[in-house]
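# Observations on the three-dimensional arrangement
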Amino acid sequence: MTERAEPVIQVEGMVTAFGDHVVHQDLDLTLERGEVMGVVGGSGTGKTVLLNSILGLKTPDGGRVRLFGKDVAGMSKEEHADAERRSGVLFQQGALFSALTVIENVSSPLIEHTRLSRDTIRELAELKIAMVGLGTESHHLKPAELSGGMRKRAGLARALALDPELLFLDEPTAGLDPIGAAAFDELIRTLSDDLHLSIFMITHDLDSLYAVCDTVAVLADKKVVVKAPVGELERSDHPWIKEYFLGPRGRAAKASTTEKPDRRAG
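Residues numbered from 1 in each chain as written. Predicted model: local features only at pLDDT ≥ 70, side-chain atom pairs only at ≥ 80, totals over all residues. Heavy atoms only, no water.

### Here's the deal with the overall build of the protein chain
Looking only at helices and strands, the protein chain has 10 helices and 10 strands in total. Its C-alpha atoms give the protein chain a radius of gyration of 19 Å, near enough to 18 Å, the size a compact globule of 266 residues would have. With respect to the three principal axes, the spread of C-alpha positions in the protein chain is 55 × 50 × 45 Å. Buried residues in the protein chain amount to 48% of all 266 residues. (Helix = DSSP H or I, 4+ residues; strand = E, 2+ residues; numbered from the N terminus. Rg over C-alpha atoms; globule rule 2.2 N^0.38 Å. Buried < 20%, exposed > 50% of the residue type's maximum accessible area, 1.4 Å probe, protein only.)

### Some words on the environment of L146
Tracing the chain through its elements places L146 in the loop between α4 (118-131) and α5 (148-159). By relative accessible area, which is 6% here, L146 ends up buried. Leaving out residues up to four positions away in the same chain, L146 has contacts with L96, V102, L141, R151 and A154. (Contact = heavy atoms within 4.5 Å.)

### What about the sheet that holds strand β5 (residues 70-71)?
The strand order β2-β1-β4-β5 describes an open sheet built from 4 strands, whose pairing is antiparallel. Each having just a single partner strand, β2 (21-31) and β5 make up the two edges of the open sheet. As defined by bridge partners, strand β4 (residues 62-67) adjoins β5 across 2 bridges and the pair is classed as antiparallel. In the strand pairing of β5, L67 is matched with K70. (Pairing = 2+ DSSP bridges.)

### So, the side chain of T203
Tracing the chain through its elements places T203 in the loop between β8 (198-202) and α7 (206-212). A polar contact of 2.9 Å, which involves the side chain of T203, links it to the backbone nitrogen of D205. Setting aside residues up to four positions removed in sequence, T203 forms contacts with V39, V40, E171, S208, L209 and Y244. (Polar contact = N/O pair within 3.5 Å; in protein donor to acceptor, adjacent residues only side chain to side chain.)

### Points about helix α3 (residues 102-113)
Of the positions making up α3, those classed as buried are V102, I103, N105, V106, S107, S108, P109 and L110. The inward-facing, buried residues of α3 abut α4 and α5.

### A short note on the nonpolar core
Nonpolar side chains tend toward joint burial in soluble globular proteins. Judged by nonpolar contacts, the single largest core of 41 residues is most densely connected at L156, L209, V216 and F245. Sort the elements by how many residues they give to this core and helix α6 (residues 178-195) lands first, with 5 residues. With sequence-adjacent residues up to four places away left out, L209 is seen in contact with G38, V40, T203, V216, V230, Y244 and F245. (Core = buried A, V, L, I, M, F, W, Y, C linked by side-chain atoms within 4.5 Å.)

### Let's talk about the sheet that holds β8
Spatial ordering of the open sheet is given by β6-β7-β8-β3-β9-β10, a layout of 6 strands whose pairing is mixed. The open sheet has two edge strands, β6 (87-90) and β10 (223-228), and neither has a second partner. Averaged over all pairs of adjacent strands, the angle between strand axes in this sheet comes to 15°, irrespective of strand direction. Direction of pairing for strand β9 (residues 215-220) relative to β10: antiparallel, over a ladder of 5 bridges. Looking at the pairing, V218 lines up with V226 of β10. Against the sheet, helix α1 (residues 47-55) contacts β3 (36-41), β6, β7 (166-170), β8 and β9, and its axis sits at roughly 145° relative to β8. (Axes fitted to C-alpha atoms, helices over the stretch in contact; angles between N-to-C directions.)

### Notes on the packing of α3 against α4
At a minimum axis distance of 9 Å, the contact between α3 and α4 shows a crossing angle of 120°. Taken together, the axes of α3 and α4 lie oblique to each other. For the element pair α3 and α4, the recorded crossing hand is right-handed. Listed contacts from α4 to V102, I103, V106, S107, L110 and I111 of α3 are I121, R122, L124, A125, E126, K128 and I129. Per-class residue counts for the contact of α3 with α4 are 9 nonpolar, 1 polar and 3 charged. (Parallel < 35°, antiparallel > 145°, perpendicular 65-115°, else oblique. Left-handed = near helix turned anticlockwise from the far one by under 90°. Nonpolar A, V, L, I, M, F, W, Y, C, P; charged D, E, K, R; others polar.)

### Observations concerning the pattern of salt bridges
Under the criterion given, the structure shown has 11 salt bridges. In this structure, the salt-bridge partner of E35 is K227, at a minimum N-O distance of 3.0 Å. Residue E35 is located in the loop between β2 and β3, and its partner K227 is located in strand β10; the two are separated by 192 residues in the primary sequence. On the basis of relative accessible area, E35 is assigned to the buried category, the value being 1%. (Salt bridge = Lys/Arg side-chain N within 4 Å of Asp/Glu carboxyl O.)

### A closer look at the environment of S198
Relative to the helices and strands, S198 resides in strand β8. On a C-alpha basis, the gap between S198 and V8 in space is 7.8 Å, while along the polypeptide they are 190 residues apart. Excluding residues that lie within four positions of it along the chain, S198 makes contacts with V8, L31, E32, R33, G34, E35, E165, L166 and L167.

These results come straight from atomic positions and should not be treated as a statement about function.
So, in structure tokens, the structure goes:
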């Protein structure tokens, strides 16, 4: 029997509080290798706080977060650098450096984390830009000269610069029109399949949940109340889940997609 790979993310009993306000209490969550997981929850449930805690940007008030099998709180400087190289992050607005061109933005992780030659870095940056569907005309444009969809793609190219195993996406389709959002969903799904990525995706976009995700983790009541495929969530009795997935927008999102096979099967 083949030994099961260790999860890329393990959150155990996490507690997060801001003064007397408790955001998370005994929160548990696991992301398996090769899994595409959406994270949803109402306003104030701490989705971004959870992301920041996994990335090591915020220290939880209790519990443990493990990334690639190592306790984030106890990582050495070298282990943090290794985790950074193995992870890519696309923040909500792309978080591109405004003074740099697209190709300079995509090159920046390669310059920071490798000792490759300038020519090799440029070739790799050009490859990543092409991979996300941007043409060569975008190379010398700055973020202010890009459309919202182009900024998202440029940010994704930068997140993929170091060939990560794990990709974090924070509201990747926010601000995009329906056509642009659908195209971005298709791009994420294609890249996750082709590159065998594990993906942690915060989103409120029901279309993305149906089109992209293997599983969805629901934050409510200060914890993850359930993690399951969307089809199972549709049968949940939890009030927030019922309202979210069985309301008019949820029914429309379901009708616009077809059932996906589990990419991890076999």
